[in-house]
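# Chain and residue survey
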Amino acid sequence: MSTSSLSTSSIYPHSIPSTSTPHITTTNPHKSTLFAKRKQFFKISASSAKYIWQNQPKASSHQPYRRRPQVTYLDHSVNMDELLYAISQTENEQELYCLMSQYKGRQLSIRFMVTLLSKEPEWKRSLALLDWINEEALYTPSVFAYNVVLRNVLRAKQWDLARGLFDEMRQRAISPDRYTYSTLITSFGKEGMFDDALSWLQKMEQDRVPGDLVLYSNLIELSRKLCDYSKAISIFSRLKQSGISPDLVVYNSMISVFGKANLFREARLLLQEMISAGVKPDTVSYSTLLSMYVENQKFVEALSVFYEMNEVNCPLNLTTCNVMIDVYGQLDMAQQADRLFWSMTEMGIKPNVVSYNTLLRVYGEAELFGEAIHLFRLMQRKDIEQNVVTYNTMISIYGKSLEHEKANNLIKEMQTRGIEPNAITYSTIISIWDKAGKLDRAAMLFEKLRNSGVEIDQVLYQTMIVAYERAGLVAQAKRLLHELKRPDNISRETAITILARAGKVEEATWVFRQAFDAGEVKDISVFGCLIDLYSRNKKHTNVIEVFDKMRGSGYFPNSHVIALVLNAYGKLREFEKADDLYREMQDEGCVFPDEIHFQMLSLYGARGDFEIVESLFERLDSDPNINKKELHLVVASIYERANRLNDASRIVNLMTDRGILKS
């Protein structure tokens, strides 16, 4: 055969039979012509529940791989695109073998063949071509060729075939490399077959094939998305044990993992580890920590992280600002929330609808009704997108300011603007009419909703049931309970939980008092749910009321409840009671998280008892389990708020002298 450029006719042999079959079919592997040869030596192992394909060499026809003297390959003489097109026209194994028979003498290099394989998108043809390379042309088996076919097979989600190819590599004495394992691990992991992915990782480690950062990073991210946090932590440990240094992406993923696993101390310590390893935490690192604390209502810790973020001049982003506006609101720091919001533009950050909605809520909770109305109308003047959350927040604010008609008018306004009210909208309006003593309007709206076909959820039902019960209309309340189709199963405890989670303070309070007086509150979570509701809505007296009833019923509070109760005592300026609770819980052996100790420091500072502040600071400073950086920052801020600048400076100097600022 001439070594000059091959003509198109030489690539399409006339001996290829024509067929009307549109594509290669493998519905039945025992009838498939593509697998006709492969099925001769692929078998299913009876010892396993899984398909394990094993390639058994044929004694009669399988020749040893032939060594050839140095030859000049035809790689540059063959038009690969034309050859690929010719291969794509083959419809079974025989046609493909017939096409490739002119190169059976290995006139093309293995590099050319691997490139050809990599450009063949159809997994069945690439598999047949691999068989031709190994069984017909007798090329020395190549790990690169197997890796390409393995990739194609896995893209087609042919899991058993992928396992078979791996076993065939072993049988041909081909050592799987990093790419082999990375392809297998990533493909199985992305499909949620995580046990299989980890099994491949174990095989890789047994073969002493070093993994790389990308592989471990992908596994950690897959674990995180599957909410399998223990596996993510295990893989992170294996990554470090293998001598690979985590990068910023891995660290940020692990901060999220530790947060989702409620391992807050470990998440915070990762920041220190990053700095020690020379990896500078970025905005995502801090924002992830902030979100983690806020999701778990650890607002003091979130504030501490934000201070640290500013201290190291880490730039803020939109997410950070939105989270911190919420944090400031939760900590009764409406002025700081307001200042941060209006400074966003100066920082080059454009507030979005979440920013506006969050500040609206902060204004409403702080009873800054004028500011809330101004911001709401400003959004409209500036054509800022408003959504159902915006209107629900504003309706609630009008309800608090006793402007019932304006609240009702907002429903018409939002519908005019194409924003559909939801169950929260209607339950809020019904609550407003109920509190205003206009039960007839609440009942009329409820009936109108039922007749219009609007889906009425349990919150809406419970809101109306409570309205009827408070008005003494027991029959109407029972009728609604029957409509819920759970007349005998829905307990008052369930009703309290539903209303509390929906933020219905008045309704939840009324049901709780009725249920408690009747001795129907048996579940400790009901007390916790209500305390959480009151704390969010700054009903500090109610927090203490429920806590006292909880203790009177013999229930022991957890650290989260204690934190909320201490905060309530502080807001009510009942420092002695806060101190008594703090000491009582310690005497009973309660192990506090850092936030409880820091909260007590703040309360002592607010009371002006700086001797106790200093005494508690020294005790906590000697405790190896306390986060020293947060401790010093909290105490410094206490002195700063009290205008004791010399003491604040002393604490900061202590941090510098001890190297805490750099940790």
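Along each chain, residues carry numbers from 1 onward, in the same order as the chain's sequence is written. Residues qualify for local features only when their pLDDT is at least 70, as the model is predicted, and side-chain atom pairs are given and counted only at 80 or more; totals for whole chains, interfaces and linings, by contrast, use all residues. Excluding hydrogens and water, the side-chain values take into account all heavy atoms of the structure.

## Some words on the overall build of the protein
Keep this limit in mind: A helix here means a DSSP run of H or I that spans at least four residues, while a strand means a run of E at least two residues long, and both kinds are numbered starting from the N terminus. Whether a residue is buried, partly exposed or exposed follows from its accessible area with a 1.4 Å probe, protein chains only, as a fraction of its type maximum: under 20%, in between, or over 50%, in that order. In short, Shrake-Rupley with a 1.4 Å probe defines the accessible areas, and a residue's cover is counted only from the protein chains shown.
Each helix and strand in the protein was counted, giving 36 helices and two strands. Per-residue burial for the protein yields a buried fraction of 50% across its 663 residues. Just so you have it, the protein exposes about 31,900 Å², and 50% of that area is on carbon and sulfur atoms.

## A closer look at the confidence of the model for the protein
We count it as follows: A residue's pLDDT is the confidence the predictor assigns to it, expressed on a 0 to 100 scale. Two residues form a contact once any of their heavy atoms are found within 4.5 Å.
When pLDDT is averaged across the protein, the result is 79; 85% of the residues are at 70 or more. pLDDT under 50 marks residues 1-63. Its contacts with residues more than four places away, or in other chains, come to 102 contacts. Predicted confidence is poor over residues 485-489, with pLDDT under 50, and the contacts of this stretch with residues over four places away or in other chains come to five contacts.

## Quick word on the nonpolar core
Formally: Only buried Ala, Val, Leu, Ile, Met, Phe, Trp, Tyr and Cys residues count toward a nonpolar core, and they belong to the same one when joined by side-chain atoms within 4.5 Å.
One finds Met100, Met113, Leu116, Leu129, Trp132, Ile185 and Met464 to be the most contacted residues of the largest nonpolar core, which totals 143 residues. Per-element tally for this core: the top contributor is helix α7 (residues 143-155), with eight residues. Those residues in contact with leucine 116 that lie beyond four places of it in its chain are Met80, Leu83, Leu84, Ile87, Met100 and Leu129. Membership of the second largest hydrophobic core comes to 57 residues, among which are Ile496, Phe592, Tyr604 and Ile638.

## Structural notes on the packing of aromatic side chains
This is how the line gets drawn: In summary, the pairing rule links any two rings of Phe, Tyr or Trp, Trp by its six-membered ring, whose centres are within 6.5 Å, and it sorts them by plane angle into stacked for under 30 degrees, edge-to-face for over 60 and tilted for everything else. Charge over a ring is defined by NZ of Lys or CZ of Arg lying within 6 Å of the ring centre and within 35 degrees of the ring normal.
Under the counting rule described, the total for this entry stands at 14 aromatic pairs. In textbook terms, an aromatic cluster arises when at least three aromatic residues are bridged by ring pairs, as seen for Trp159, Phe166, Tyr181, Phe188 and Trp200. The side chain of lysine 203 reaches across the aromatic face of tryptophan 200, ending 5.0 Å from its centre. The residue whose ring lies beneath arginine 644 is phenylalanine 610, and the NZ or CZ to ring-centre distance is 4.3 Å.

## Here's the deal with the pattern of salt bridges
How we decide: For salt bridges, the criterion is a side-chain nitrogen of Lys or Arg within 4 Å of an Asp or Glu carboxyl oxygen.
Per the counting criterion, the structure on display carries 31 salt bridges. Glutamate 136 is the salt-bridge partner of lysine 104, the closest N and O atoms lying 3.6 Å from each other. Of the two residues, lysine 104 sits in the loop between α4 (93-100) and α5 (110-119) while glutamate 136 sits in helix α6 (residues 123-136), which places them 32 residues apart along the sequence. Given the relative accessible area of 24%, glutamate 136 is considered partly exposed. For arginine 583, the salt bridge identified is with aspartate 579, shortest N-O distance 3.0 Å. Here aspartate 579 and arginine 583 lie together in helix α32 (residues 575-587), a separation of four residues that amounts to about one turn. Three or more residues joined by partner-sharing salt bridges are found here, namely Asp326, Asp332, Arg361, Glu365, Lys538 and Lys571.

## Quick notes on the environment of leucine 572
Among the secondary structure elements, leucine 572 is positioned in the loop between α31 (559-571) and α32. Using a relative accessible area of 30% as the deciding quantity, one classes leucine 572 as partly exposed.

## Section: the packing of helix α35 (residues 628-641) against helix α36 (residues 645-657)
Put simply, the rule is: A fitted line through C-alpha atoms serves as each axis, taken over the contacting stretch for helices, and the angle formed by two N-to-C directions is quoted from 0 to 180°. Convention used here: angles under 35 degrees read as roughly parallel, angles over 145 as roughly antiparallel, angles from 65 to 115 as roughly perpendicular, and any remaining angle as oblique. Crossing chirality is assigned from the near helix's rotation relative to the far helix, an anticlockwise turn below a right angle marking it left-handed and a clockwise turn marking it right-handed. Under this grouping Gly is polar, as are all residues other than the nonpolar Ala, Val, Leu, Ile, Met, Phe, Trp, Tyr, Cys and Pro and the charged Asp, Glu, Lys and Arg.
Relative orientation of the contacting elements α35 and α36 amounts to 165°, with a least axis distance of 7 Å. Here α35 is positioned roughly antiparallel relative to α36, judged by the angle of their axes. Handedness of the α35/α36 crossing: left-handed. Contacts between α35 and α36 pair Lys629, His632, Leu633, Val635, Ala636, Tyr639 and Glu640 from the former with Leu645, Asp647, Ala648, Arg650, Ile651, Val652, Leu654 and Met655 from the latter. Considered class by class, the residues forming the contact of α35 with α36 number ten nonpolar, one polar and four charged.

## A few points about the environment of leucine 219
Here leucine 219 is to be found in helix α11 (residues 213-225). Along the sequence, leucine 219 and leucine 198 sit 21 residues apart, while their C-alpha atoms lie 8.7 Å from each other. Filtering out sequence-adjacent residues up to four positions away, leucine 219 remains in contact with Ile185, Phe194, Ala197, Leu201 and Ile235.

## Quick word on the packing of α11 against helix α12 (residues 229-241)
Remark: α11 packs on α12, axes separated minimally by 8 Å, with the N-to-C direction vectors making an angle of 165°. With respect to α12, the element α11 is oriented roughly antiparallel. Considering only the axes of α11 and α12, their crossing is left-handed. Here α11 contributes Leu213, Tyr216, Leu219, Ile220, Ser223 and Arg224 to the contact with α12, which in turn contributes Tyr229, Lys231, Ala232, Ile235, Phe236, Arg238 and Leu239. Residue classes in the contact of α11 with α12 are distributed as nine nonpolar, one polar and three charged.

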